[in-house]
Amino acid sequence: MHFGPLKLSELASIYHAQSFLFAILFCKVVSGVETICLYNNEYWMKKKPQKIIGSRQLHSSILHADYLEKCAHLRTRKDRFEVGRAMRETCPRADHSQYQVDWKKRRDPIELLIESSQGRIESLLPIRYGRMATSPFAFFRGSAIIMAADLVQTPDTGYAVQSCGDSHLCNFGAFATPERNIIFDINDFDETFPAPWEWDLKRLAASFVIASKHNGHKKSDCRAAAMRMVECYRERMLALAQMPSLSAWYDLLCYEELIDRSRDRKFQEQRRKDLKKAKERDGLTEFVKLGHFVNGKPGIKEQPPLIYRDERYHTPEFQNAIMAGIEDYRLSLPMDRRVLFDHYEYVDTAIKVVGVGSVGTMCLIVLFFAAENDPLFLQVKEARQSVLEPYSGYPPFQSHGERVVFGQRLMQSASDVFLGHFIGLLQNKHYYVRQLRDVKVKIPVETFSPQEMLIYAQKCGWALARAHARSADPAVLSGYIGKAKVLPEAVANFAEIYCDQNERDYNRLLDAIKSGAIQAQPG
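Presented here is a report on the structure given in the accompanying data block. (Residues numbered from 1 in each chain as written. Predicted model: local features only at pLDDT ≥ 70, side-chain atom pairs only at ≥ 80, totals over all residues. Heavy atoms only, no water.)

## A word on the overall build of the protein
Then, in step 1: Helix and strand counts for the protein come out as 19 helices and 14 strands.
Then, in step 2: Counting across all 523 residues of the protein, residues that qualify as buried make up 59%.
Then, in step 3: When contacts within the protein are restricted to residue pairs at least 6 apart in sequence, long-range pairs at least 24 apart make up 74% of them.
Then, in step 4: Total accessible area on the protein stands at roughly 22700 Å², and carbon and sulfur atoms take up 51% of it. (Helix = DSSP H or I, 4+ residues; strand = E, 2+ residues; numbered from the N terminus. Buried < 20%, exposed > 50% of the residue type's maximum accessible area, 1.4 Å probe, protein only. Contact = heavy atoms within 4.5 Å. Areas by Shrake-Rupley, 256 points an atom, 1.4 Å probe, with all protein chains shown as cover.)

Right under this line is the structure:
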């Protein structure tokens, strides 16, 4: 074994004393030698996979954290801040502005897109590419696999968190908790996986520059939005670092309070209107939109090509697979949630095309009824390998559905009461399950003015910091970030550079469509 300043016996005592799930990578990793990862309450001894090109610091940093040798009650907040400050030695904050492309080694973006389409529903791929071709912003939202391959070449501290994996600004929003509070949080975890905390921050910053440019904002406004997000991430992380662990864990962003705190009256009025509309959409409202009765029997209305039934729908094999999937999903729920789920009876299912990046993956809506005028729609989404997994170096989960559910429950302040997972009988695909809508408020970022974008950047920065603090020590991250503008300036620089890269990749897609190498259609 090859370790840094701490021995294996010390790692064991340290791990059991920790209050956070992901520890700093204390071990020095040399190519081909064994190492220890502290992950998900278990030790993992593994050889570094040869396929991992991983981030430089992730595999080489040695962090001196002598304070961990102290008893927990003797560890001061100052100690934890100092660990973060020490990370500046191996990864200076200004280095995050770097994005230097080795054009000989960079994977062709079109090849990566085609690779990510393998195993998807072939007939839906033209719709996927058609949606991505509408603008550089739409392309960015559907190309997380490209940016993941680029991020691994950028500097990072080597400090891992449970990462969203696709933290662009459209993957944040408001929704209802089981207690019926309306909170603002990350709402998409298809790509969640342990990874350096900077990757989420850089993708989110880039998305603000790209979205602002899409809205016709000045270059200075685009940069200001990205900087505001990072500054608010910094502020929230510092606030969380001052809290007791339980207080930081319970922290949430009340959406209605966020609206009230905004100084922009137009923004307030529009958000309240959107929230009121979302609250009025219950299961019965969804059924009016998506369902109908045929000969007295309820079912889902087909609306091809976006809502349709699988051609195998009426076969015994398909129906048996549905019932088996429902039972396996039920067993993934906590015992008390199973009692609630058992109130409902299965009625119908159909394929529903959603999003940009998800188009072509298997996505179903499933209709249940508990009683007259009491319908429930669940969304069943295929979970594939995270785009971060080839680069992260952490061990995989038993299934990709389990990975999504774990990441969502860990990062969100409150999660869907019906969140679960299963592996399907047909084609052995992995799935996760949630409610189709539960007072879900979609944020119309495409209409935002520069001022509204700044307000929204604040909320997203706060939400990402809160999510990261659940799997990391916020004092360590806050110690690294500091109070100066070094990191916000650096990440904003990166975001501007990556905006240009994204446009070059987008033009490559348009060229591929024009040449016939890729088929695209609107949808």
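## A word on a nonpolar patch on the surface
Then, in step 1: Taken together, Leu 246, Trp 249 and Tyr 250 make up a surface patch of nonpolar side chains, about 360 Å² in accessible area.
Then, in step 2: Positionally, Leu 246 belongs in helix H9 (residues 245-250).
Then, in step 3: When its relative accessible area of 56% is taken as the criterion, Leu 246 is described as exposed. (Patch = residues over 30% accessible without salt bridge, like charges linked within 9 Å, V, L, I, M, F, W, Y side chains within 5 Å. Salt bridge = Lys/Arg side-chain N within 4 Å of Asp/Glu carboxyl O.)

## Remarks on the packing of aromatic side chains
Remark: the centre distance and the inter-plane angle together describe each pair of aromatic rings, the angle taken between the planes.
Then, in step 1: One pass over the full model with this rule turns up 22 aromatic pairs.
Then, in step 2: On the basis of an interplanar angle of 70 degrees and a centroid distance of 5.3 Å, the ring pair of Tyr 99 and Tyr 498 is categorised as edge-to-face. Placement of Tyr 99 in the loop between helix H2 (77-90) and helix H3 (109-116) and of Tyr 498 in helix H19 (residues 486-515) is noted, with a sequence separation of 399 residues between them.
Then, in step 3: Ring centres of Phe 341 and Phe 418 lie 6.3 Å apart, and the angle between their planes is 70 degrees; on these two criteria the pair is classed as edge-to-face. Here Phe 341, found in helix H14 (residues 335-341), pairs with Phe 418, found in the loop between helix H16 (400-411) and strand S13 (420-423); they are 77 residues apart in sequence, far enough to count as distant. (Phe/Tyr/Trp six-rings, centres within 6.5 Å; stacked < 30°, edge-to-face > 60°.)

## Brief notes about the environment of Met 227
Then, in step 1: Its place among the elements puts Met 227 in helix H8 (residues 219-241).
Then, in step 2: A residue is classified by how much of its surface remains accessible, and Met 227, at 11% relative accessible area, is buried.
Then, in step 3: Setting aside residues no more than four positions away along its own chain, Met 227 makes contact with Lys 485, Pro 488, Glu 489 and Ala 492.

## As for helix H12 (residues 283-290)
Then, in step 1: Where H12 is concerned, the buried positions are Glu 286, Phe 287 and Leu 290. In an axial view of H12, the angular spread of the buried residues amounts to 100 degrees, which keeps them on one side of the axis.
Then, in step 2: Buried positions along H12 lie against strand S7 (291-294), strand S8 (297-300), strand S9 (307-308), strand S10 (345-352), strand S11 (363-371) and strand S12 (374-382). (Arc of directions from axis to C-beta.)

## Section: the sheet that holds S10
Then, in step 1: Reading across from one edge, S9-S10-S11-S12-S14-S13 is the order of the six strands in this open sheet, with antiparallel pairing throughout. Of all the strands in the sheet, the pair left with one neighbour each is S9 and S13.
Then, in step 2: Sheet analysis places S9 next to S10, joined by two bridges and oriented antiparallel. Bridging across to S10, Ile 307 finds its partner in Lys 352.
Then, in step 3: Along the sheet face, H12 touches S9, S10, S11 and S12 and points at about 70 degrees away from the line of S12.
Then, in step 4: With respect to the sheet, H16 is in contact with S13 and strand S14 (430-435), its orientation differing from that of S14 by roughly 35 degrees. (Pairing = 2+ DSSP bridges. Axes fitted to C-alpha atoms, helices over the stretch in contact; angles between N-to-C directions.)

## Quick look at the side chain of Thr 192
Then, in step 1: Considering the arrangement of structural elements, one finds Thr 192 in the loop between strand S5 (182-186) and strand S6 (193-196).
Then, in step 2: By relative accessible area, Thr 192 is classed as buried at 0%.
Then, in step 3: In this structure the side chain of Thr 192 is engaged in a polar contact, spanning 2.7 Å, whose partner is the backbone oxygen of Ser 163.
Then, in step 4: Residue contacts for Thr 192: discarding those within four places in its chain leaves Gln 162, Ser 163, Cys 164, Ser 386, Arg 403, Val 404, Gly 407 and Met 411. (Polar contact = N/O pair within 3.5 Å; in protein donor to acceptor, adjacent residues only side chain to side chain.)

## Things to note about the side chain of Glu 382
Then, in step 1: Locating Glu 382 in the fold gives a position in strand S12.
Then, in step 2: A polar contact of 3.4 Å, which involves the side chain of Glu 382, links it to the side chain of Lys 429.

## Some words on the nonpolar core
Then, in step 1: In this structure, Trp 197, Phe 208 and Tyr 456 are the most contacted members of the largest nonpolar core, which totals 108 residues.
Then, in step 2: When residues in this core are grouped by element, the largest group, eleven residues, is from helix H17 (residues 450-469).
Then, in step 3: Once residues lying within four places of it in the same chain are set aside, the contact partners of Phe 208 are Leu 169, Ala 225, Ala 226, Met 229, Met 453, Tyr 456, Ala 457 and Cys 460.
Then, in step 4: In this structure, Leu 124, Ala 321, Ile 326 and Leu 426 belong to the second largest nonpolar core, which totals 30 residues. (Core = buried A, V, L, I, M, F, W, Y, C linked by side-chain atoms within 4.5 Å.)

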